[in-house]
Amino acid sequence: MFINWKLREINLKIVYYGPALSGKTTNLEYIHSNLKPELRGELISLKTREDRTIFFDFLQLEVGEIKGLKPKFNLYTVPGQVIYAASRKLVLQGADGVIFVADSQWNRLQDNVDSMRNLEESLHQFGYDLARFPLAIQYNKRDLPNRAPIAVLSSRLGRNGVPQIESVAIRGVGVFDTLKTIIGVVVTRVQREID
Amino acid sequence: MTSGFILPAQQLDEIEQHLGRLYDKTGATCVLLIDISGQLISYRGTAQGVNLVSLAALAASDIAAATEMARLVGEREQFKFLFHEGESHNVLISTVGISFLLAVIFKNPVQIGLVRLFTKEAVTELLEVAEEFEGIRGQVAQVVDSEFTTSLATELERAFSK
């Protein structure tokens with residue numbers, strides 16, 4: 001969180017994390033194309049020629065002023081492919097909260113678990129404990145026939161008190177809910193730390 | 001990470017003075033101070049048509065990638081400068097301690113040597129200011145209270161409802 005008194009801005013960094021092709025970029029693309037242009041910036045995507053994220057996607061959005069301060073949210077995705085582990089870690093730097101985008105399909109269950117472990121390790125290297133880090137889990141692709149039940153996904157990925165949201169990101173279902181949820185978690189955490 | 005920091009107006013004024021001096025001395029198009037998470041803190045110069053928020057995010061990632069490369073090749077320190085040379089536009093990025101970086105956008109015929117020299121000077125000055133405001137945490141309480149949280153939820157609803 002970065003508060004700039006002169007510019008009257010409060011900035012948060014939110015990172016979309018998760019295995020390859022789980023829908024992280026799709027979340028950002030939906031947000032970008034469904035927000036009023038005056039509320040969002042340009043969507044920056046560092047992609048390979050095959051349209052896969054090589055470093056990150058970036059989108060800034062802002063909402064109306066609160067108590068004289070303008071909240072701004074910097075949204076990033078990480079590259080999901082296993083080979084880009086180093087890049088993933090770099091994008092996490094300075095994050096205030098993480099949205100873990102899980103792929104609900106049965107055949108991706110282990111990839112989700114591996115990615116969550118990878119997230120835990122990266123946070124640990126920055127000196128943070130995933131159990132106490134602002135996190136929301138989005139179970140994406142809930143429209144696909146080979147989806148695993150939420151109970152199964154939750155038992156493998158869920159954590160005590162971590163909000164879980166079902167989504168079909170390509171149609172926008174659950175996309176804004178997830179973002180609202182993580183922002184709420186981050187802000188509540190800041191308050192709790194202060195109290 | 002979640003600790004964040006607050007930049008009081010007085011420190012920002014100081015930063016802007018340093019950036020202004022660097023801008024004047026080098027004849028650069030734009031100079032930007034960015035934090036390592038990619039957050040644009042302040043800038044000086046002409047920014048018409050340039051998306052500085054995105055530029056800040058990219059510059060921070062650039063430095064992060066270079067720092068990782070330094071580690072892989074066995075360099076003990078992080079790389080201090082990155083230089084991108086184009087036909088007409090150039091960008092020099094320098095680390096400012098471990099938490100900030102400075103990006104200078106300049107056009108030909110501004111000399112790289114000159115930009116490098118004055119950037120180095122500015123980094124030393126900025127480091128002193130940066131130390132003052134890093135990790136000032138308590139004041140967040142004045143901002144992020146329950147009223148703020150409720151209002152933010154309302155604003156998010158408004159922004160996300162089509």
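Here the structure is a predicted model, which is why all the values come from computation and not from measurement. (Residues numbered from 1 in each chain as written. Chains lettered and ligands numbered in written order. Predicted model: local features only at pLDDT ≥ 70, side-chain atom pairs only at ≥ 80, totals over all residues.)

Asker: Which residues make up the overall build of chain A, and what values go with them?
Answerer: For chain A, the count of helices and strands is five helices and eight strands. For chain A, the sequential pattern of α-helices and β-strands runs β-β-α-β-β-β-α-β-α-β-α-β-α. The C-alpha atoms of chain A give 16 Å as radius of gyration, which agrees with the globular expectation for 195 residues (16 Å, within 12%). If one aligns the C-alpha atoms of chain A with their principal axes, the spans along those axes are about 50 × 40 × 30 Å. Across the 195 residues of chain A, 48% fall into the buried class. Across chain A, contacts joining residues at least 24 apart in sequence account for 68% of those joining residues at least 6 apart. (Helix = DSSP H or I, 4+ residues; strand = E, 2+ residues; numbered from the N terminus. Rg over C-alpha atoms; globule rule 2.2 N^0.38 Å. Buried ≥ 20, exposed ≤ 12 C-beta atoms within 10 Å, placed from the backbone. Contact = placed C-beta atoms within 7 Å.)

Asker: Describe in detail the overall build of chain B, supporting the description with residues and values.
Answerer: When helices and strands are counted, chain B shows four helices and six strands. The order of helices and strands in chain B, counted from the N terminus, is β-α-β-β-α-β-β-β-α-α. The principal-axis extent of the C-alpha atoms belonging to chain B is close to 50 × 35 × 30 Å. Counting all 162 residues of chain B, 39% fall into the buried class.

Asker: Could you give an account of the confidence of the model for chain B, with specific residues and numbers?
Answerer: For chain B, mean pLDDT is 86; residues scoring 70 or higher make up 90% of the total. Both scores are available for the predicted complex, with the pTM at 0.88 and the ipTM at 0.81. (pLDDT = per-residue confidence, 0-100.)

Asker: So what about helix 1 (residues 24–34) of chain A? Which residues, and what values?
Answerer: Of all eleven residues in helix 1 of chain A, eight are buried; the element is thus mostly enclosed. Considered for burial, the residues of helix 1 of chain A that qualify are K24(A), T25(A), T26(A), N27(A), L28(A), E29(A), Y30(A) and I31(A).

Asker: Go over the pairing of strand 3 (residues 44–47) of chain A with me, naming the residues and quoting the values.
Answerer: Residues and elements named next belong to chain A. The pairing of strand 3 with strand 4 (residues 53–62) spans three bridges and is classified as antiparallel. Bridging across to strand 4, I44 finds its partner in F58. Connecting the antiparallel pair strand 3 and strand 4 is a turn made up of five residues, with D51 showing a positive phi of about 70°. (Pairing = 2+ DSSP bridges.)

Asker: How would you explain the environment of Y30(A) if you had to name every residue and give the values?
Answerer: Residues and elements named next belong to chain A. Tracing the chain through its elements places Y30 in helix 1. Assessed through the 20 C-beta atoms surrounding it within 10 Å, Y30 is described here as buried. In this structure, the C-alpha to C-alpha distance between Y30 and V175, residues 145 residues apart in sequence, is 7.6 Å. Discounting chain neighbours no more than four positions away, the residues touching Y30 are A169, G172 and V175.

Asker: A description of helix 1 (residues 9–26) of chain B should follow, citing residues and the corresponding values.
Answerer: Residues and elements named next belong to chain B. Given a rise of 1.5 Å per residue, 18 residues ought to cover 26 Å, and the 26 Å separating the end C-alpha atoms of helix 1 matches this to within 8%. Turning to helix 1, its buried residues are Q11, I15, H18, L19, L22, Y23 and T26. Angularly, the buried residues of helix 1 cover 140° about the axis, an arc narrow enough to put them on a single face. For helix 1, the exposed residues lying more than 90 degrees away from the buried face are A9, D13 and D24. In the stretch just after helix 1, G27 is the one whose phi turns positive, near 75°. (Expected span 1.5 Å × (residues − 1). Arc of directions from axis to C-beta.)

Asker: Explain the nonpolar core residue by residue, including any values.
Answerer: By size, the foremost hydrophobic cluster in this structure holds 101 residues, and its most contacted members are I34(B) and L101(B). Every residue in contact with L101(B), bar those within four places of it in the chain, is listed here: I34(B), I36(B), A59(B), A60(B), I63(B), I93(B), S94(B), T95(B) and V96(B). (Core = buried A, V, L, I, M, F, W, Y, C linked by C-beta atoms within 7 Å.)

Asker: An account of the interface of chain A and chain B is needed here, citing residue identities and associated values.
Answerer: With 45 residues of chain A at the contact, the number on the chain B side is 38 residues. Elements represented by at least two residues in the side of chain A that touches chain B include exactly strand 1 (2–4), strand 2 (9–17), strand 4, strand 5 (70–77), helix 2 (85–92) and helix 5 (175–194) of chain A. Counting residues per element, the side of chain A that touches chain B draws most heavily on helix 5 of chain A, at ten residues. Taken together, the three bridges between strand 1 of chain A and strand 1 (residues 5–7) of chain B define a ladder with parallel strand orientation.

Asker: So, the sheet that holds strand 3 (residues 40–45) of chain B: which residues are in play, and what are the values?
Answerer: Either a parallel or an antiparallel arrangement is found when strands of a sheet pair, and the pairing is made through backbone hydrogen bonds. Residues and elements named next belong to chain B. Read across the sheet, five strands follow the order 3-2-6-5-4 without closing on themselves; strand pairing throughout is antiparallel. Pairing within the sheet leaves two strands with one partner each, and these edge strands are strand 3 and strand 4 (81–85). Along the sheet, successive strands turn relative to each other by an average axial angle of 15°, direction set aside. When strand 4 meets strand 5 (residues 89–96), the two strands line up antiparallel, connected through five bridges. Following the sheet pairing, L82 is matched in strand 5 by I93. Its contacts with the sheet place helix 1 against strand 2 (30–35), strand 3 and strand 6 (100–107), and it is angled at close to 40° to strand 3. (Axes fitted to C-alpha atoms, helices over the stretch in contact; angles between N-to-C directions.)

Asker: Just give me the short version of the pairing of strand 6 (residues 97–103) of chain A, but keep the residues and values in it.
Answerer: Residue and element names in this part refer to chain A. Burial within strand 6 is extensive, with seven of its seven residues counted as buried. A two-sided burial pattern is seen for strand 6, the buried positions comprising G97, I99, V101 and D103 on one face and V98, F100 and A102 on the other. Pairing of strand 2 with strand 6, which is carried by four bridges, proceeds in the parallel orientation. Residue pairing across strands places Y16 opposite I99, the latter belonging to strand 6. Two strands pair when backbone bridges link them, and strand 6 and strand 7 (residues 135–140) are joined in this way by six bridges, in the parallel orientation. Paired with I99 across the bridge in strand 7 is A136. Handedness of the crossover joining strand 6 and strand 7 through helix 3 (residues 109–125) is recorded here as right-handed. (Right-handed = clockwise from strand over helix to strand, strands pointing away.)

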